[in-house]
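# Per-entry structural report
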Amino acid sequence: MRYAAFMRYTLRQLEYFVAAGEAGSIRHASERLSISQPSISTAISHLELELNVQLFIRHHAQGLSLTSVGQILMEEAKRVLGMAENLYSLAAETTDQVRGTLSVGSMVTLAPMIMPELVHSFCTRYPAAEIRQVASNHEWLAEKLKQAEIDIAITYDLHLPTGIEFVPLASLPPHVLVSENHHLAQRSSVDLAELAAEPMIFLDLPLSRQYFNALYHHEGLQPNIYARSAEQEVVRTMVANGYGYTLANVRPCSDMALDGKKVVRVRLSGDHRPMVIGMATWQGVRKSRLLDLFVHHCRSSISDTAIPGMKPLT
């Protein structure tokens with residue numbers, strides 16, 4: 001049977017259609033794929049013309065929403081793209097080549113430090129492989145693993161839903177961050193009881209919120225929260241400017257906030273539960289050779305003694 005006579009759309013057009021449907025706008029799909037907006041618009045228009053359907057409702061200045069038929073076709077387009085990608089994996093496994101595309105998610109607080117070096121070193125070793133990166137919160141990553149929209153996530157071990165398989169890689173004990181002029185900056189260590197009355201700049205992400213509050217509650221204490229932010233760099237910059245201290249687990253190689261002022265790391269004394277970095281995958285999903293190699297790469301690159309983008313624990 002010859003398919004070319006009636007299949008006048010491409011996998012690339014399907015990819016652009018799916019990206020626009022998931023992003024809800026041409027602009028966001030363009031940013032995600034690093035493809036021009038006109039190219040994505042043209043691909044969608046071609047699909048609508050070829051399939052004789054309306055895939056989206058265009059809302060002026062408010063993006064796109066899928067029509068009912070668009071929702072059905074997007075699910076089928078995902079299946080087609082998945083099967084097409086699987087051809088590369090099968091071919092690679094039978095010819096001993098390492099190629100294909102891997103979708104890797106990461107916790108938003110880890111992504112700026114760990115992912116660039118981790119992915120670059122993997123792609124240097126396997127230049128025919130492509131890694132698509134996305135950073136978000138813990139709940140979003142878990143949902144995307146469940147929906148098979150990402151293959152693996154680098155995240156923490158907290159509140160993992162049923163169905164997630166987690167392999168620990170490294171522990172991140174909590175520490176204190178203050179400005180270089182803070183009265184605690186020269187201390188070798190400090191405990192939570194000493195910090196409780198100090199103004200705190202709180203990293204207000206769901207996992208972080210629960211984790212840091214639990215540290216205080218375990219000691220029968222309550223933090224004196226001066227300000228909150230869901231942006232890690234905002235917290236660091238406020239600390240560097242002397243607004244107060246914060247608690248953190250990640251250890252960026254740079255001691256500088258984004259405005260050039262310095263933060264100082266002080267050991268938090270006591271026995272506190274660390275955050276654990278690891279690899280999360282969905283149970284029961286067949287792992288491709290490419291994913292197995294990436295897992296092995298993560299195991300060899302991330303440990304308690306060395307984490308890409310982070311200072312060693314001292």
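See the structure printed just above.
What comes next concerns the included structure. The shown structure was predicted, so the numbers you read here are calculated from the model rather than taken from an experiment.

As a further point, take helix α1 (residues 11-23). Between its terminal C-alpha atoms α1 stretches 18 Å, which fits the 18 Å expected from 13 residues at 1.5 Å a residue. Of the positions making up α1, those classed as buried are Q13, L14, E15, Y16, F17, V18, A19, A20 and G21. G24 sits one or two residues past α1 and shows a positive phi near 80°.

Moving on to the pattern of salt bridges. Applying the stated criterion to the full structure yields 18 salt bridges. Taking the shortest distance from any N to any O, the salt bridge between E31 and R27 comes out at 3.2 Å. Residue E31 and its partner R27 are both found in helix α2 (residues 26-33); the two are separated by 4 residues, about one turn of the helix. Linking K261 and D259 is a salt bridge whose minimum nitrogen-to-oxygen distance equals 3.6 Å. By sharing partners, the salt bridges in this structure join E22, R32, E75, K78, K144 and E149 into a single network.

With that settled, consider a nonpolar patch on the surface. Nonpolar side chains collect at one region of the surface, where L11, V80 and M83 lie side by side and expose about 260 Å² of accessible area between them. Within the element layout of this structure, L11 appears in helix α1. Overall, the relative accessible area of 44% leaves L11 in the partly exposed class.

We now examine helix α8 (residues 206-218). In this model α8 runs 18 Å from its N-terminal to its C-terminal C-alpha over 13 residues, within 8% of the 18 Å that 1.5 Å per residue would give. Residues of α8 that are buried include every one of L207, S208, Y211, F212, N213, L215 and Y216, and no others. Contacts made by the buried residues of α8 are with β3 (100-107), α6 (138-146), α7 (192-195), β9 (199-203), β11 (246-248) and β13 (275-282). Count one or two residues on from α8 and you reach G220, which has phi positive near 70°.

Turning our attention to the sheet that holds β13. The strand order across the open sheet formed by 5 strands is β4-β3-β5-β13-β6, and the pairing between neighbours is mixed. This sheet does not close on itself; its edge strands, each paired only once, are β4 (129-136) and β6 (164-172). Here the average twist between neighbouring strands, direction ignored, is 20°. Note that β3 and β4 share 8 bridges and pair parallel. Its bridge partner lying in β4, G105 is registered against V134. Sitting on the sheet, helix α5 (residues 111-125) touches β3, β4, β5 (152-156) and β13, and the angle it makes with β4 is about 175°.

Calculation rules
- Residues numbered from 1 in each chain as written.
- Predicted model: local features only at pLDDT ≥ 70, side-chain atom pairs only at ≥ 80, totals over all residues.
- Heavy atoms only, no water.
- Helix = DSSP H or I, 4+ residues; strand = E, 2+ residues; numbered from the N terminus.
- Expected span 1.5 Å × (residues − 1).
- Buried < 20%, exposed > 50% of the residue type's maximum accessible area, 1.4 Å probe, protein only.
- Salt bridge = Lys/Arg side-chain N within 4 Å of Asp/Glu carboxyl O.
- Patch = residues over 30% accessible without salt bridge, like charges linked within 9 Å, V, L, I, M, F, W, Y side chains within 5 Å.
- Areas by Shrake-Rupley, 256 points an atom, 1.4 Å probe, with all protein chains shown as cover.
- Contact = heavy atoms within 4.5 Å.
- Pairing = 2+ DSSP bridges.
- Axes fitted to C-alpha atoms, helices over the stretch in contact; angles between N-to-C directions.

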